[in-house]
Amino acid sequence: MRVGILGPLRVAGARVGGARVRALLVRLALDPGRVVPADRLIDDLWPDEPPAHPAAALQSLVSRARREAPGLIGSHPAGYLLNVPPGEVDAWAFEQLVRDGEAHRALALWRGPALADAADLPFAAGPAARLEELRLTALATRIAHDLSTAGPALEGLVAELEGLVAAHPLREPFHALLMRALSALGRRGEALAVFARIRAALGDELGADPGPELREAHLEALREPPPAPRGNLPAPVTSFVGRTGDVSRLRALLGGGTRLVTLTGAGGAGKTRLALEAAGGLVAPGGVWLVELAAADGVRAAVESVLRTSDPAAALRGAGAVIVLDNCEHVVEEAARVAGRLLAEVADLRILATSREPLDIPGESVHPVPPLPEAQAVELFAARAAAARPGLRVEPDQAARICRELDGIPLAIELAAARLRTMPVPLLVEQLGDRLALRGGRTAEPRHRTLRAVIDWSWNLLSDAERELLRGLTVFSGGATYEAIARVCGGRLDLLSSLVDKSLVAVSGDRYTMLETIREYAAADLPELRRAHALHYTELAERAEPHLRTGGQFAWLAVLDAEHANLEAALRHAEDPLRLILPLFWPWIMRARLREIREQAAAVLARVGDVPPPGRALAHGLCRMLAGEPASEAVRDSDHPAALNFWAMGAVLGTPDDVVALTERGAERLRDHPDPWVRSAALLVAGLVRFEYGAVAGAEDLLEPALDGFRRTGDRWGQWAASYWLSLAAENRGDFAAAVALTETPGMAGSPGLPGLEEVALGPMSYLLRLGQLKCRAGDLAGAAGALARAQEAAERSREPEPLARVLHARAELARRGGDPAEARRLLEAALALDVEASAQFRALLQVELARVAEPGRPLRAALELMAGCSDRTVRATVLEGVAGHLEPAPAAELLGAARALRGIAESADPYVTALAACCREALGAAGFEAAMERGAARPDPERHALRSLAYR
């Protein structure tokens, strides 16, 4: 929780002092994310005697709160708001958890009397009373749950309930729960005495009779206690970790009318332990009986042996018993027959079975037991590692890596943790490549001694055809569709379904997947299948690539994303890798996988050599470009999407002049291309190159028709790219309102239909940061504050100093423009204190902003020195404009002229620049101003001239 009001006020990462400040935050936390009018805040915070100047007092209070808890309070023309989602305020989360029946989790948030820091203010009385009532309701729910599973802990519950009854003498639910706890301990006389006291109190105080819950508890206390539970469940020797949701579901199923539940899953998934944990908490007057079948001669004989009778049905009838049939897979036919017969003959019998495949009989409810989620797997590993080697600290990232390598299989995790007795963690990580040899302890069953033995158990139960198909499935990476499996392996659907039933293959959506551990076990040298696999995915990539330039790109990108691992594997094994890499270039570009493009291209070149095979000149030329060589004729004359994009790669193609010339020639050559997408892409690339390499003035003339063309073809990626570069061009002109509008174009920060689109240039934090800066410069200070608050949350989650420094810089600009230079300076000094190794551009902009709210000399000199040799023309222009604001009119006008030349524009729409230019023109006269501008535009090194001007300042 970021903000806590269930007890003394708590704000994550901040210490808030001052009673009135704390009361303000408590009041705003009652309505997180919503604007609370200023008048309402004044009435709530000063209910008896408002200050002489209420609005000023409130503003001062807000300023103090902002200093102590930066980013927490947002402004609005009507008032103020807490800049956090409701779920990050503990009171709101508490109410939601209570409504969802999550009493234990809800009560864990309670730290003391609600709204304690505003207890004396009238606004807090109603909400505090409502929250206290919810707490008492949650307490009753939690105790009722604990009472059903308490066992030896009943005495502790009785003590807790006696305290609650004393504190709330007329609250019936607590009295009813106390009576039930006493009855469960055999103390029925005390339970009846509790009933007599509450009945008398209700009559005397309220003139009322006990309600239904109390009357039912009274009847239970009058009944004879049930016989002591019977059964043969073994006592656990280790703690049960994770799967609490599974335990609750299994108990609910078997306690709610379902009579047969089968736990299915791969070997080592923890089916037996889960079954014992779930069964141990069931109410079963006839006992809970474990029937182990792993080494049994037969199912019926095993049941008879455990129950010590030759007629199990007669012994179980009317008893209300539960049987756990463990490890049914190797005797699944007989297990199904025996279970079916017993269920038919014993009406109150319930069966919990474990098997690697379902029993497949009427009435069966199958509960899959998949590998543990990463958090639970890490928890299990930490617990077992601590037992194996007390005092050993395993870093969370190391534990997570180990658990991922082991597929989250509980048995594998336990076997690996046991090895920490004899080896350090890094060595264990190295040994995970031989995971199948991980060995258990002396008392482990033979089939659980190693992971290989676990899978041997399943492998030996397969038919030859099933084994052949399982081997064939190992050529796939990351799963496969049935279409791919049928094409590559010729696998029959019935065999594939059988492998799913046996928990060796899983179904996820439309894909069949396999644990890496099983894949390693079954892997074999299958050259023919490898070739068939590579051909299938080559054809898939070729089929998908044209659709990526249409309105259908979302669906086809999703297909390629799902097959990413298979496409990589196919590229490694393809006999003609250049054929496959060509249609992969464009989706890689759309996903901004630039490192992957270069690595894959280098690997393909290493295989095919320096001479392109017949018909592969384009793909070969693109790979060589990525290795740093000039564009070949095949690339220069191509209209392939990847070739068009690579025109813009200045580091590959040569000097900026070379890049501009190539793209301009390409755009002209493709101006009348019959494919509208090719025409739009050529315009886009030429436009962004103009902007990037200095011909900024004409960039929008190319980008606007490119955007229009992409809209007609339905290409959302193209629309995003064109809008992004147009927004940069608008920002360069100082038209911040236009830049905001383009930045807020749907899809600019990602699209639900195209996951990962934001990765191309703007991640979520970067997008919010850019949007906040643009809104700030466009005058929308409230909108900027909201965007920057969310950007700061994302930056803090990243735990990286540079993103946080960038957000602090943007918030400082917002504070300055909002009239708070002291806050701006504080934020800038905090950003500088992070001492990040950021780009020279960012560090220069940080210094320029600092110069506006502090002594300007040193920051301005630092900014100009950072720009030495910088190729980013727009940042250089921004720095020069910032320095100009601190100089006399003549040198200031020269720097404005240099900045205008760098931006490649005739006039700037930036209010700061236009205001500064007007001052210079008034001081110098129109002719003098224009002459100074021309001198500045002609200077080859305006930063050096600016440094000299600062020296004379």
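Since we're looking at a predicted model, the values are computed, not measured.

Student: I'd like a description of the overall build of the protein chain, backed by residues and values.
Tutor: Helices and strands together make up the secondary structure of the protein chain, namely 48 helices and 13 strands. In terms of overall dimensions, the protein chain has a C-alpha envelope of 110 × 90 × 55 Å along the principal axes. Residues counted as buried form 50% of the 953 residues belonging to the protein chain. Surface accessibility of the protein chain: about 42,800 Å² in total, with carbon and sulfur atoms responsible for 52%. Computed over 108 positive and 123 negative side-chain charges, the inter-centroid distance for the protein chain is 2 Å.

Student: Please set out the sheet that holds strand S5 (residues 79-82) residue by residue, giving values where relevant.
Tutor: Taking strand neighbours across the sheet as the criterion, the 3 strands line up as S3-S5-S4 in an open arrangement whose pairing is antiparallel. Strands at the two margins of the open sheet, each flanked by one partner only, are strand S3 (36-37) and strand S4 (73-76). Pairing between S4 and S5: 4 bridges, direction antiparallel. Looking at the pairing, serine 75 lines up with tyrosine 80 of S5. Together, S3, S4 and S5 form the strand contacts of helix H1 (residues 19-29), whose direction differs from that of S5 by roughly 80°. Along the sheet, helix H3 (residues 54-68) contacts S4 and S5; its crossing angle with S4, the most-contacted strand, is approximately 145°.

Student: Tell me what's going on with the environment of alanine 722, and back it up with residues and numbers.
Tutor: Relative to the helices and strands, alanine 722 is located in helix H37 (residues 716-733). Judged by its relative accessible area of 0%, alanine 722 is buried. Residues within four places of alanine 722 in sequence aside, it is in contact with Leu684, Leu703 and Leu707.

Student: Before we move on, could you go through the side chain of serine 365 and cite the residues and values that matter?
Tutor: Summarising the element assignment, serine 365 is placed in strand S10 (residues 364-368). By relative accessible area, which is 16% here, serine 365 ends up buried. For serine 365, the contacting residues outside a window of four places in its chain are Arg249, Leu253, Thr258, Leu260, Val261 and Thr262.

Student: An account of the sheet that holds strand S9 (residues 350-355) is needed here, citing residue identities and associated values.
Tutor: The strand order across the open sheet formed by 5 strands is S7-S8-S9-S6-S10, and the pairing between neighbours is parallel. Since the sheet does not close on itself, it has two edges, and those belong to strand S7 (288-292) and S10, each with one partner. Shown here is a sheet whose adjacent strand axes are inclined to one another by a mean of 20°, direction ignored. Two elements, strand S6 (residues 260-264) and S9, share 5 bridges in a ladder whose sense is parallel. Bridge assignment links threonine 262 to a residue of S9, and that residue is alanine 353. Helix-sheet contacts for helix H13 (residues 299-307) involve S7 and strand S8 (322-326), and the interaxial angle to S7 is about 140°.

Student: Residues and numbers for the pairing of S6, please.
Tutor: With respect to burial, S6 is a largely interior element, 5 of its 5 residues being buried. Alternating residues of S6 divide into Leu260, Thr262 and Thr264 and Val261 and Leu263, and every residue in both groups is buried. Relative to S10, S6 runs parallel, the two being bridged by 5 bridges. Following the sheet pairing, leucine 260 is matched in S10 by glutamate 364.

Student: I'd like a rundown of the pairing of S8, residues and numbers included.
Tutor: The buried count for S8 comes to 5 of 5 residues, which makes it a mostly enclosed element. The side-chain alternation of S8 yields two buried faces, one formed by Val322, Val324 and Asp326 and the other by Ile323 and Leu325. Here 5 bridges tie S7 to S8, and the two strands are oriented parallel to one another. Among the inter-strand pairings, glutamate 292 is bridged to a residue of S8, identified as aspartate 326. For S8 and S9, the ladder comprises 4 bridges, and the chain directions are parallel. Bridge pairing in S9 links isoleucine 323 to isoleucine 351. Running through helix H15 (residues 332-345), the crossover from S8 to the neighbouring parallel element S9 is right-handed.

Student: Account for the confidence of the model for the protein chain, with residues named and values stated.
Tutor: Averaged over every residue, the pLDDT of the protein chain is 86; residues scoring 70 or more account for 93%. This model gives residues 750-762 a pLDDT under 50, and the stretch forms 30 contacts once residues within four places in sequence are excluded.

Student: Can you explain the nonpolar core? Please cite residues and give values.
Tutor: The biggest cluster of nonpolar side chains holds 111 residues, and the ones touching the most others in it are Leu470, Leu473, Phe476, Ile581, Phe585, Leu622 and Leu684. It is helix H35 (residues 676-692) that provides the largest number of residues to this core, a total of 11 residues. Discounting chain neighbours no more than four positions away, the residues touching leucine 684 are Leu703, Ala706, Phe710, Trp717, Ala721 and Ala722. Counting 74 residues, the second largest nonpolar core, distinct from the first, contains Val16, Leu30, Phe94 and Val165.

Student: Explain the pattern of salt bridges residue by residue, including any values.
Tutor: Here the structure, examined in full by the defined rule, presents 53 salt bridges. We note a salt bridge from aspartate 90 to arginine 111, for which the minimum N-O separation is 3.7 Å. Of this pair, aspartate 90 sits in helix H4 (residues 90-99) while arginine 111 sits in the loop between helix H5 (103-107) and helix H6 (125-149), and the two are 21 residues apart along the sequence. On the basis of relative accessibility, which here comes to 2%, the residue aspartate 90 falls in the buried class.

Student: Can you explain the environment of arginine 401? Please cite residues and give values.
Tutor: Along the chain, arginine 401 turns up in helix H17 (residues 396-405). Put simply, arginine 401 and valine 378 are 23 residues apart on the chain and 9.1 Å apart in space, counted from C-alpha to C-alpha.

Student: Tell me about the packing of aromatic side chains, and name the residues and values.
Tutor: If you walk through the whole model with that rule in mind, you get 10 aromatic pairs. Ring centres of tyrosine 724 and tryptophan 725 lie 5.7 Å apart, and the angle between their planes is 75°; this geometry places the pair in the edge-to-face category. Tryptophan 725 carries the same exposure label as tyrosine 724, and that label is buried. An aromatic cluster of three or more residues is present, and its members are Trp586, Trp677, Phe691, Phe710, Trp717, Trp720, Tyr724 and Trp725. The ring of tryptophan 110 has arginine 135 lying over it, and the distance from NZ or CZ to the ring centre is 5.6 Å. Cation over ring: arginine 549 sits above tryptophan 677, and NZ or CZ is 5.3 Å from the ring centre.

Student: Before we move on, could you go through the side chain of aspartate 407 and cite the residues and values that matter?
Tutor: You can see aspartate 407 is positioned in the loop between H17 and helix H18 (410-418). Overall, the relative accessible area of 17% leaves aspartate 407 in the buried class. In terms of polar contacts, aspartate 407 uses its side chain to reach the backbone amide nitrogen of threonine 517, at 2.7 Å.

Student: Could you give an account of helix H48 (residues 942-951), with specific residues and numbers?
Tutor: Looking at H48, one finds that the buried residues are Pro942, Glu943, His945, Ala946, Ser949 and Leu950. One face of H48 carries all of its buried residues, which in axial projection span an arc of 155°. When the buried face of H48 is taken as reference, the exposed residues oriented beyond 90 degrees from it are Arg944 and Ala951.

Student: A description of helix H42 (residues 821-833) should follow, citing residues and the corresponding values.
Tutor: In this model, H42 (13 residues) spans 18 Å end to end at C-alpha, consistent with the 18 Å of a helix rising 1.5 Å per residue. All buried positions along H42 are accounted for by Glu823, Ala824, Leu827, Leu828 and Ala831. Summarising the axial view, the buried residues of H42 lie within an arc of 135°, below the 170-degree limit, and thus occupy one face. Residues of H42 that are exposed and angled more than 90 degrees away from the buried face: Ala822 and Ala833. On its buried side, H42 packs onto H3, helix H41 (801-817) and helix H43 (840-851).

Student: Report on unusual backbone geometry, specifying residues and quantitative values.
Tutor: Even without a glycine there, the phi angle at asparagine 327 is positive, about 65°. Relative to the assigned elements, asparagine 327 resides in the loop between S8 and H15. Of note, aspartate 360 is a non-glycine position whose phi angle comes to about 65°, a positive value. Within the element layout of this structure, aspartate 360 appears in the loop between S9 and S10.

Student: Tell me about the packing of helix H9 (residues 188-206) against helix H10 (residues 212-222), and please be specific about residues and values.
Tutor: Relative to each other, H9 and H10 sit at 150°, their axes nearing to 9 Å. Classified by the angle their axes make, H9 and H10 are roughly antiparallel. Here H9 and H10 pass one another in a crossing that is left-handed. Every residue of H10 that contacts H9 at Arg188, Ala191, Leu192, Phe195, Ile198 and Leu202 is listed here: Leu214, His218, Ala221 and Leu222. Here the contact of H9 with H10 is composed, by residue class, of 8 nonpolar, 1 polar and 1 charged.

Basis of the calculations
Residues numbered from 1 in each chain as written. Predicted model: local features only at pLDDT ≥ 70, side-chain atom pairs only at ≥ 80, totals over all residues. Heavy atoms only, no water. Helix = DSSP H or I, 4+ residues; strand = E, 2+ residues; numbered from the N terminus. Buried < 20%, exposed > 50% of the residue type's maximum accessible area, 1.4 Å probe, protein only. Areas by Shrake-Rupley, 256 points an atom, 1.4 Å probe, with all protein chains shown as cover. Lys, Arg positive; Asp, Glu negative; His and termini not counted. Charge placed at Lys NZ, Arg CZ, Asp CG, Glu CD. Pairing = 2+ DSSP bridges. Contact = heavy atoms within 4.5 Å. Axes fitted to C-alpha atoms, helices over the stretch in contact; angles between N-to-C directions. Right-handed = clockwise from strand over helix to strand, strands pointing away. pLDDT = per-residue confidence, 0-100. Core = buried A, V, L, I, M, F, W, Y, C linked by side-chain atoms within 4.5 Å. Salt bridge = Lys/Arg side-chain N within 4 Å of Asp/Glu carboxyl O. Phe/Tyr/Trp six-rings, centres within 6.5 Å; stacked < 30°, edge-to-face > 60°. Lys NZ or Arg CZ within 6 Å of the ring centre and 35° of its normal. Polar contact = N/O pair within 3.5 Å; in protein donor to acceptor, adjacent residues only side chain to side chain. Arc of directions from axis to C-beta. Expected span 1.5 Å × (residues − 1). Parallel < 35°, antiparallel > 145°, perpendicular 65-115°, else oblique. Left-handed = near helix turned anticlockwise from the far one by under 90°. Nonpolar A, V, L, I, M, F, W, Y, C, P; charged D, E, K, R; others polar.

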